[in-house]
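Close look at the chain arrangement
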Amino acid sequence: MIKVAKFGGSSVADAAQFKRVKSIVEENPDRRVVVISAAGKRSSDDHKMTDLLYLCHAHLLYGVSCEPIFRDIEKRFCDIRDQLGLDFNIEAEFDTLWEKMDKDMSVDYLVSRGEYFTSRLMAAYLGFHFLDASDCIFSDYNGSFDMEKIESAIKEALRKYKKVVIPGFYSSLPSGKIKLMSRGGSDITGALAAAACNADVYENWTDVSGILMADPRIVKDPKPIEKITYAELRELASMGASVLHEESILPVKEKGIPLNIRNTNNPSHPGTMIVESIDKEETQEERFLLTGIAGRKNFEILSLRKHNLDNNSDLRKVLEILENHKIAIEHISLGLDSFSIVFAKSSVESIIYDVISEIQKSLKPDSIDIQENMALVAAVGRKMTFRPGISGLLFNALGKAGVNIRTIAQGSDELSIVVGVDNSQFDTTVRVLYEGFAG
Ligand code: ASP
């Protein structure tokens with residue numbers, strides 16, 4: 001059995017967190033692949049190592065000395081080393097790095113040192129082999145990964161060393177140079193490593209006990225989700241619930257590897273298990289209709305009315321105009337002589353009048369109307385699928401609470417129902433759905 005355990009920045013922020021990681025890893029000998037982020041914030045007013053390294057690079061570009069920040073970063077690593085009693089000459093490595101610091105230093109290389117040094121310290125502390133991402137995570141220039149090469153490098157290292165620590169967030173290009181992933185990319189490294197060694201589970205250790213059923217800023221003490229399918233998670237994530245890097249899902253989903261979100265600061269909590277499908281509902285969640293609720297504010301609805309509307313060609317013309325302006329569509333609903341399209345306010349803010357005038361010229365509609373300040377709330381739940389009467393229950397509860405639903409959208413897989421409400425009724429909508437069907 002192999003478990004891949006990825007630890008995020010807050011899980012490795014200082015020596016005390018390193019100790020927690022060690023006890024988690026040692027608690028189960030199957031945790032043979034450990035993926036590490038750069039040390040994160042130790043308190044809310046602290047800085048992430050990655051941010052400090054980006055700041056160093058900005059100083060280099062503008063020809064301003066970054067030595068104080070650079071030495072601060074070095075000190076953080078030295079403090080962890082000293083508090084854990086490790087034997088590792090960080091000073092020598094930082095001096096070599098300092099010699100190379102000029103405006104031609106690659107930002108990718110410099111910033112990747114956060115993950116690199118945190119992982120070297122962790123490998124020394126755990127007594128695991130340090131497997132540099134530059135020797136096992138391969139990508140091309142546009143960021144796609146070479147899964148075959150990754151698989152053979154990681155399998156080979158596991159045969160040789162049995163247990164390895166891999167730094168997250170960067171890969172090696174065909175030229176051998178280092179390429180950073182997008183922010184939060186260590187999640188992707190963990191997923192690639194899990195896929196490469198056909199792990200039994202990919203554990204993503206963070207500072208929350210799994211994905212919550214609703215936003216805790218709106219609902220008091222929402223419960224964590226015990227089990228969720230990849231498809232449900234995608235619905236929630238698209239509506240703003242963010243826990244994992246989006247690109248970290250595919251490598252494990254494709255191989256049917258379950259993904260377990262766990263809390264380093266509360267390791268006995270089972271967290272959230274994300275799986276491809278759930279045949280039998282055996283948990284307490286069974287009595288909840290919804291798996292989770294997520295939503296976002298500030299959308300607009302463009303409603304168009306035209307006598308004898310040609311569904312195909314008129315809609316196509318409007319979609320073309322929106323595409324030319326790079327406006328991402330959230331929802332469309334089509335009537336006999338009308339349709340309405342929902343998009344984020346931020347994507348149309350400065351161009352909405354141009355868009356309307358182009359539509360007017362092209363379609364000559366009877367009317368075009370824009371409704372602003374709309375929020376979308378998604379009620380997501382696999383148990384809604386093919387069960388009659390569900391939308392009636394939800395709408396009834398919302399109606400009783402005085403929520404006026406302005407649009408409704410349901411995917412054909414019936415995994416989610418999305419309602420559009422006024423921004424001012426956003427919180428009430430989330431609360432009513434949570435209290436009635438999830439909490
Ligand atoms: N350290 C990087 C970041 O702060 C990558 C990661 O933590 O996953 O985004």
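As shown above, the structure is provided for reference.
Residue indices follow the written sequence of each chain, beginning from 1 at its first position. It should be noted that, the model being predicted, local features are given only for residues of pLDDT at least 70 and side-chain atom pairs only at 80 or more, the latter also being counted only at that level, while totals for whole chains, interfaces and linings use all residues. Heavy atoms throughout the structure, all of them, feed into the side-chain values; hydrogens and water do not.

**Notes on the overall build of the protein chain**
Helix and strand definitions follow DSSP, with helices as H or I runs of at least four residues and strands as E runs of at least two, each counted in order from the N terminus. Check the secondary structure of the protein chain and you find 13 helices and 16 strands. Referenced to the eigenvectors of the C-alpha coordinate spread, the extents of the protein chain come out at roughly 75 × 55 × 40 Å. Burial status follows relative accessibility: with a 1.4 Å probe on protein chains alone, a residue under 20% of its type maximum counts as buried, one over 50% as exposed, and anything between as partly exposed. Each of the 439 residues in the protein chain was classed as buried or not, and the buried ones make up 51%. When contacts within the protein chain are restricted to residue pairs at least 6 apart in sequence, those whose partners lie at least 24 apart make up 74%. Per-residue and other accessible areas were derived by the Shrake-Rupley procedure at a 1.4 Å probe size, with only the shown protein chains allowed to occlude residues. For the protein chain, the accessible surface area stands at approximately 20,400 Å², while carbon and sulfur atoms represent 49% of it. Neither His nor the chain ends is counted toward charge; the positive residues are Lys and Arg and the negative residues Asp and Glu. Here the site of a charge means atom NZ of a Lys, CZ of an Arg, CG of an Asp or CD of a Glu. Between the mean site of the 53 positive side-chain charges and the mean site of the 64 negative ones, the protein chain shows a separation of 2 Å. Note on contacts: a residue pair qualifies if any of its non-hydrogen atoms lie within 4.5 Å across the two residues.

**Some words on the sheet that holds strand β14 (residues 367-380)**
Strand pairing in a sheet takes place through backbone hydrogen bonds and is either antiparallel or parallel in direction. The six strands lie next to each other as β12-β13-β11-β14-β16-β15, forming an open sheet whose pairing is antiparallel. Strand pairing shows two members of the sheet lacking a second neighbour, β12 (329-334) and β15 (407-410), which therefore form its edges. Taking each pair of neighbouring strands and ignoring which way they run, the sheet shows an average axis angle of 30°. Two strands are counted as paired when DSSP detects at least two bridges linking them. Examined bridge by bridge, strand β11 (residues 292-305) and strand β13 (residues 338-344) share seven bridges and lie antiparallel to one another. Bridged to Glu 300 within β13 is Phe 343. Strands β11, β13 and β14 of the sheet are contacted by helix α11 (residues 352-363), whose axis makes an angle of about 115° with β14. The strands touched by helix α12 (residues 390-400) within the sheet are β14, β15 and β16 (416-422), with β16 carrying the most contacts at an inclination of about 20°. Lines fitted to the C-alpha atoms define the axes, with helices restricted to the stretch that makes contact. Angles between their N-to-C directions range from 0 to 180 degrees.

**Overview of the layout of surface pockets**
For the largest pocket, the calculated volume is near 1,100 Å³. Gly is placed with the polar residues, together with every amino acid not listed as nonpolar (Ala, Val, Leu, Ile, Met, Phe, Trp, Tyr, Cys and Pro) or charged (Asp, Glu, Lys and Arg). Among the residues forming the lining of the largest pocket, the class breakdown is 20 nonpolar, 17 polar and 11 charged. Grid spacing is 1 Å over the protein atoms alone, the probe is 1.4 Å, and a cavity is where that probe fits but cannot get out, while a pocket is an open set with protein on both sides within 12 Å along at least five of seven lines and lining residues have an atom within 4 Å of a point. Grid points are joined across faces, edges and corners, and a volume is the space filled by probe spheres set on the points. In this structure, the second largest pocket encloses a volume near 310 Å³. Taken together, 14 residues line the second largest pocket, and the ones lying closest to its centre are Leu 233, Arg 234, Ala 237, Glu 246 and Ile 249. The set of elements that each furnish at least two residues to the lining of the second largest pocket consists of α8 (230-238) and α9 (249-254). Residue contributions to the lining of the second largest pocket peak at five residues, all from α8. A breakdown of the residues in the lining of the second largest pocket according to their chemical character gives eight nonpolar, three polar and three charged.

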